Amino acid sequence: MLRKVFKYDFNSIMKYWLPCALISLVVALTAGLLGFMLDTMGDKYQTLNVLLSTVMVLCIIALIIFAVSGLVFAIIRTNKSFFTDEAYLTFTLPVKKSSLINSKLINIALFSAMSTLLCIIDIIIVFLICDSYELTRFLSQLWSGICRLIENYTGLYTPIHVVMILVLSLVSAFMSSSVLMLCLSISSIIVKKHKILVAVVIYYFYNVVLTTFFSITLFGNGFYQLIAKMMLMTKDGVNLSFIMIMLASIGISGLIGLIFYMLTNYLFDKKLNVQ
């Protein structure tokens, strides 16, 4: 049943997200053309330059908004399905509560990733039109920098390190989705109106507290720096410090996500009276 519920939620969000994605591509093309025109004209037409610059800034602001549109639509869908009058219909479906929650978690993570990818595509379009040479040089330098960073930490660039980075990304997405679900659950308990706004405030407060905690306990005590300096070598001469850091990050993110996921289930059962 999870597949059917996920498909229904996905289509419900996609019908709003897809038009925004198409509009963002048009806006990216517009911003790129404006940048090209500004670069071509130089300082010959100051009034026109000011006008074009203003429109380009508005386009960039619009692209920033589109970059979070997927997450926003997923949150709105979750709130509507669980914490409004529609919840009565949602929980009368012959579907397990865990499947309903898991569907929302997957969609939050998926549309966040899709919006991020869309933002990257928009940026590439803008720079391709404005200055393709600079874009190519930037991407080349970025990739070289990433490869050097991995080699400095590991001593060797291998597929296992790429896999670990992907695993960390997936675990982090699960953690973020679990946190958002918990924030929505808490906001639905403490307020009757503006639940999404309150959930955003709780989420922001959580991020501030978590960032401060890790800054003090880990970075402040030199935990990661200590691991990075430990020149633990395998028989192949590969530095294990990178692997240890990645495993620690995966473990911590996964544990936090699991705790918040269990708390969300607890609130649904005990506080929200969802059966």
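Residues numbered from 1 in each chain as written. Predicted model: local features only at pLDDT ≥ 70, side-chain atom pairs only at ≥ 80, totals over all residues. Heavy atoms only, no water.

Focus on the overall build of the protein
Then comes step 1: On a plain count of helices and strands, the protein comes out with nine helices and zero strands.
Then comes step 2: When the elements of the protein are put in sequence order from the N terminus, they spell out α-α-α-α-α-α-α-α-α.
Then comes step 3: In the protein, the proportion of contacts linking residues at least 24 apart, taken out of those at least 6 apart, comes to 74%.
Then comes step 4: By element, 73% of the accessible surface of the protein is carried by carbon and sulfur atoms, the whole surface being about 16600 Å². (Helix = DSSP H or I, 4+ residues; strand = E, 2+ residues; numbered from the N terminus. Contact = heavy atoms within 4.5 Å. Areas by Shrake-Rupley, 256 points an atom, 1.4 Å probe, with all protein chains shown as cover.)

Quick look at the side chain of Ser253
Then comes step 1: Mapped onto the secondary structure, Ser253 falls in helix α9 (residues 241-271).
Then comes step 2: A polar contact of 2.9 Å, which involves the side chain of Ser253, links it to the backbone oxygen of Ser249.
Then comes step 3: Discounting residues that sit within four places of it in the chain, Ser253 has contacts with Leu168, Val171, Ser172 and Met175. (Polar contact = N/O pair within 3.5 Å; in protein donor to acceptor, adjacent residues only side chain to side chain.)

Side note on the packing of aromatic side chains
Then comes step 1: Going through the model one piece at a time under the given rule, you end up with eight aromatic pairs.
Then comes step 2: Taking the centre distance of 6.0 Å and the plane angle of 75° together, the rings of Trp17 and Phe111 count as edge-to-face. Here the residue Trp17 occupies a position in helix α1 (residues 2-41), and Phe111 occupies one in helix α5 (residues 97-154), the gap between them amounting to 94 residues.
Then comes step 3: Since its relative accessible area comes to 7%, Trp17 is described here as buried.
Then comes step 4: Residues Tyr206 and Phe260 carry aromatic rings whose centres are separated by 5.4 Å and whose planes lie at 80° to one another, so their mutual orientation is edge-to-face. Placement of Tyr206 in helix α7 (residues 195-219) and of Phe260 in helix α9 is noted, with a sequence separation of 54 residues between them.
Then comes step 5: Here a set of aromatic residues connected by ring pairs shows up, and it is made of Phe6, Phe10, Trp17 and Phe111. (Phe/Tyr/Trp six-rings, centres within 6.5 Å; stacked < 30°, edge-to-face > 60°. Buried < 20%, exposed > 50% of the residue type's maximum accessible area, 1.4 Å probe, protein only.)

Some thoughts on the side chain of Ser103
Then comes step 1: Its location among the elements puts Ser103 in helix α5.
Then comes step 2: A distance of 2.7 Å separates the side chain of Ser103 from the side chain of Asp9, its partner in a polar contact.

Brief notes about the pattern of salt bridges
Then comes step 1: Tallying each qualifying case throughout the model produces two salt bridges.
Then comes step 2: Arg77 is the salt-bridge partner of Asp9, the closest N and O atoms lying 3.4 Å from each other. Residue Asp9 is located in helix α1, and its partner Arg77 is located in helix α3 (residues 69-83); the two are separated by 68 residues in the primary sequence.
Then comes step 3: Residue classification places Arg77 among the buried residues on the basis of a relative accessible area of 11%.
Then comes step 4: Linking Asp9 and Lys104 is a salt bridge whose minimum nitrogen-to-oxygen distance equals 2.9 Å. Here Asp9 is found in helix α1, whereas its partner Lys104 is found in helix α5, with 95 residues between them in sequence.
Then comes step 5: On the basis of relative accessibility, which here comes to 2%, the residue Lys104 falls in the buried class.
Then comes step 6: One network of salt bridges, with partners in common, ties together Asp9, Arg77 and Lys104. (Salt bridge = Lys/Arg side-chain N within 4 Å of Asp/Glu carboxyl O.)

Overview of the nonpolar core
Then comes step 1: Counting 33 residues, the largest nonpolar core has Trp17, Phe82, Ile101, Met181 and Phe268 as its most contacted members.
Then comes step 2: The set of elements that each furnish at least two residues to this core consists of α1, α3, α5, α6 (159-190), α7 and α9. (Core = buried A, V, L, I, M, F, W, Y, C linked by side-chain atoms within 4.5 Å.)

Quick notes on unusual backbone geometry
Trans is the common state for peptide bonds, and a negative phi is the common state for residues other than glycine.
Then comes step 1: Despite not being glycine, His194 shows a phi value in the positive range, around 55°.
Then comes step 2: Locating His194 in the fold gives a position in the loop between α6 and α7.
Then comes step 3: With a relative accessible area of 61%, His194 lands in the exposed category.

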